[in-house]
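The lines below spell out each chain.
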Amino acid sequence: MRTNFPHIRLRWHRVGSATAVTAALVLAGFGTAVHADATTSSKVTWAATPCATPKKTGELACNSLRVTGGTTAFQKARGITPKAADAATPSGYGPSDLQSAYGLTSASASNGSGETIAIVDAYNDPNAEADLAKYRSYYGLPACTSASGCFKKVSQTGSTTSLPTSDAGWSEEISLDLDMVSAIAPNAKILLVEAKSATMANLGKAVNEAVTLGAKFVSNSYGGSESSSDTSYDSSYFNHPGVAITVSAGDEGYGAEYPAASKYVTSVGGTALSTSATTRGWTETVWKTSSTEGTGSGCSSYDAKPSWQTDTGCTKRMISDVSAVADPATGVSVYDSYGVTAGWYTFGGTSASSPIIAAVYALAGTPGSSDYPAQYPYAHTSSLNDVTSGNNGSCSTSYFCTATSGYDGPTGLGTPKGVSAFTG
């Protein structure tokens, strides 16, 4: 098992003028990053959630960041003045925003019934169901409870009673994932599968358990460095025809991660999402805070290129396939209460974009039994919002790290424009 301890990074971000520079030391998830977003004209600060720094050697990292201050894009667009760190009210995009941005308002209201979306994370969130209820009630979404059969929480072995150790950091991640699935596919059932630790072996077993229990859509918001073992993990954990498996591309800027690099999954990059005066009403660019923070992308060192991926600069698997909002400055609203002040938080990271895309697949309907749904967007490129500006770092092959018309690494083929790109 490979280790994945993200290196300590000193991040410098220019704010406001040529002389206004803020340094932020990001250590063990407690430092903050500073972002001057052009669409908000206001400084937003955030920190990596604790699960973004693995607790033990061999564990993988979650891909989420939590806003700690400033005025987010959501607040700016609505003239809301409270600080984003005020947990009393939402400061990020809610279901109606996300559905509008991705052309899903009608599908979210009508589709998804009978489908089961699985969330795979590590450790236990003891408040998962209660926090989910708060989110759904606030936004007027139908209740989703264990009593009704809509919500179910199990361990990687399928047990509903013998659950992993509770963990506050991973609980933040779980709340983010559950809320994003709810925002996009409120009529679907939700299965939360909690691995006993964040190793690839345990998380992989949780993926297998999710499929065994009938989920046709499985979101994974974690990753780590590639290794020569990845192809064996592919066959052991991710080769599930007929199941749409989504994986976050990573939050450390340009560079390939696993399991986003698996040829069997839909790798999901991240964007900055803001309102605009366009016909769509929204605009997106590549999410990048600095050279070491932003959406992941890259050419895999180990995984073979799937037949449906036809870019010519990378002979192996290329990350990403599609994308959705991930920039914390244009982040999403989440309700969380375990280990933090109970209330509303704004999150970003590709941990947000992965469950969003899993839920879009669910709105599109059950995949063909022998299909690998990662190929669907490649057959429907006109049904995606092509993201053509921004980059996530420097690279020798331009489209690996820079947005362009058509396919590029940071945003893949683009973001959802309805559900057509996610059907067989």
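Reference entry: report on the structure contained in this document. Please read all numbers here as calculations on a predicted model, not as lab measurements.

1. Concerning the environment of G253
Here is step 1 of the chain: Note that G253 resides in the loop between β12 (244-248) and β13 (257-258).
Here is step 2 of the chain: Here G253 falls in the buried class, since its relative accessible area comes to 4%.
Here is step 3 of the chain: Sequence separation between G253 and G393 is 140 residues; the distance between their C-alpha atoms is 6.2 Å.
Here is step 4 of the chain: Residues contacting G253, with those up to four places away along its chain left out, are T292, E293, G294, T295, G296, S297 and N392.

2. Describing the pattern of salt bridges
Here is step 1 of the chain: Taken as a whole, this structure holds six salt bridges when the rule is applied.
Here is step 2 of the chain: One salt bridge in this structure joins R66 and E172, with 3.2 Å as the shortest N-O distance. Taken together, the residues span a long stretch of sequence, with R66 in strand β6 (residues 65-70) and E172 in helix α5 (residues 168-184) at a distance of 106 residues.

3. Some words on unusual backbone geometry
Here is step 1 of the chain: In this structure, the amide linkage connecting Y258 to the following residue, P259, adopts the cis form with an omega of 15°.
Here is step 2 of the chain: Along the chain, the position of P259 falls in the loop between β13 and β14 (266-275).
Here is step 3 of the chain: Following I319, the chain continues into S320 via a peptide bond in cis, with omega recorded as 15°.
Here is step 4 of the chain: Positioned with a positive phi, Y123 is a non-glycine residue whose angle comes to about 65°.
Here is step 5 of the chain: Within the element layout of this structure, Y123 appears in the loop between β7 (116-122) and α4 (128-138).
Here is step 6 of the chain: Overall, Y123 belongs to the buried group, its relative accessible area being 4%.

4. Some points on the state of the cysteines
Here is step 1 of the chain: Counted by the stated rule, this structure contains four disulfides.
Here is step 2 of the chain: One disulfide bridge connects C395 with C401, the sulfur atoms lying 2.1 Å from each other. Around the S-S axis, the bridge from C395 to C401 shows a dihedral of about -85° and counts as left-handed.
Here is step 3 of the chain: Using a relative accessible area of 2% as the deciding quantity, one classes C401 as buried.
Here is step 4 of the chain: Cysteines bonded in the chain are numbered consecutively along the chain; their disulfide partners then correspond to 1-2, 3-4, 5-6, 7-8.

Definitions and cut-offs
Residues numbered from 1 in each chain as written. Predicted model: local features only at pLDDT ≥ 70, side-chain atom pairs only at ≥ 80, totals over all residues. Heavy atoms only, no water. Helix = DSSP H or I, 4+ residues; strand = E, 2+ residues; numbered from the N terminus. Buried < 20%, exposed > 50% of the residue type's maximum accessible area, 1.4 Å probe, protein only. Contact = heavy atoms within 4.5 Å. Salt bridge = Lys/Arg side-chain N within 4 Å of Asp/Glu carboxyl O. Disulfide = S-S within 2.5 Å.

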